[in-house]
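# A structural walkthrough
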Amino acid sequence: MHRTQLLLLLGFLLWPATSHAEPDNHITQAHDLIQSLVDRAPVILRPSNKSLENREQVLQKELGQHIDFALMASVVMGRYWKTMEAAQKNDFFDLFSDFFLNSYTPLLGGYPGDKLEVRYSRNNGSQDVFVRTQLMRQNRKTIVSDWRMRKTGNKLRIIDLNVSGISVIVSHRESFHQHLDKKGVDGLLKLLQIRAERLPAQS
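Below is a short write-up of the structure. (Residues numbered from 1 in each chain as written. Predicted model: local features only at pLDDT ≥ 70, side-chain atom pairs only at ≥ 80, totals over all residues. Heavy atoms only, no water.)

## Some words on the packing of helix 4 (residues 69-77) against helix 6 (residues 86-104)
The N-to-C vectors of helix 4 and helix 6 enclose an angle of 105°; their axes lie 10 Å apart at closest approach. By the angle between their directions, the pair helix 4 and helix 6 is classed as roughly perpendicular. From helix 4, Phe69, Ala70, Met72, Ala73, Val76 and Met77 reach across to helix 6, where they touch Phe92, Phe93, Phe96, Ser97, Phe100 and Leu101. Its residues assigned to classes, the contact of helix 4 with helix 6 comprises 11 nonpolar, one polar and no charged. (Axes fitted to C-alpha atoms, helices over the stretch in contact; angles between N-to-C directions. Helix = DSSP H or I, 4+ residues; strand = E, 2+ residues; numbered from the N terminus. Parallel < 35°, antiparallel > 145°, perpendicular 65-115°, else oblique. Contact = heavy atoms within 4.5 Å. Nonpolar A, V, L, I, M, F, W, Y, C, P; charged D, E, K, R; others polar.)

Okay, here's the thing in structure tokens:
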């Protein structure tokens, strides 16, 4: 692993949580939450009088309720977060959360031909739990995902997602900072807006 990635992951691991729970309880709650989302996906996405886009938005909303986007946004932006104006923070929060949900909600499965299993859950340090899912699709590569969860406030929330061993937070932080160093915050916001307009619906 690249040294920068290792340092970022270590810093993210040590990011302070606001409360703690017993490890076994953590694991059970995390597993049950992801399993419930996996069970809901095919129910929400099954053909109906609503458009596929509308059904996808319903599933995205359900997933979004269990993600700590405030923490994710501040970690992804790093040093830039402290100097950003309130309007910039709001714009980034909205664009990043929409980008994340559009990109990664399909990992919950639910589309025709999908076979998704919740494989296992495990502790990661003293605060976090990883819940592993495996998505198998016809004529596509199997995707293994680790949903990283932490108790923030009084609720267990998703704070990162590892897809095939790669942290979404670390990956996007590195790519965003390359753009930030050249184009600044407004440049990144414009890029995310363009990506949002081009992102195709799941088929």
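Back to the write-up after that little detour.
## Details of the environment of valine 131
Examined against the element boundaries, valine 131 turns out to sit in strand 2 (residues 128-136). Residue classification places valine 131 among the buried residues on the basis of a relative accessible area of 0%. Non-local contacts of valine 131, meaning those with residues more than four positions away in its chain, are made with Ala30, His31, Ile34, Val118, Tyr120, Ser121, Ser145, Asp146, Trp147 and Met149. (Buried < 20%, exposed > 50% of the residue type's maximum accessible area, 1.4 Å probe, protein only.)

## A short note on the nonpolar core
Counting 51 residues, the largest nonpolar core has Ile34 and Phe92 as the members making the most contacts within it. Setting aside chain neighbours within four positions, we find isoleucine 34 in contact with Val118, Val131, Thr133, Trp147, Met149 and Ile158. (Core = buried A, V, L, I, M, F, W, Y, C linked by side-chain atoms within 4.5 Å.)

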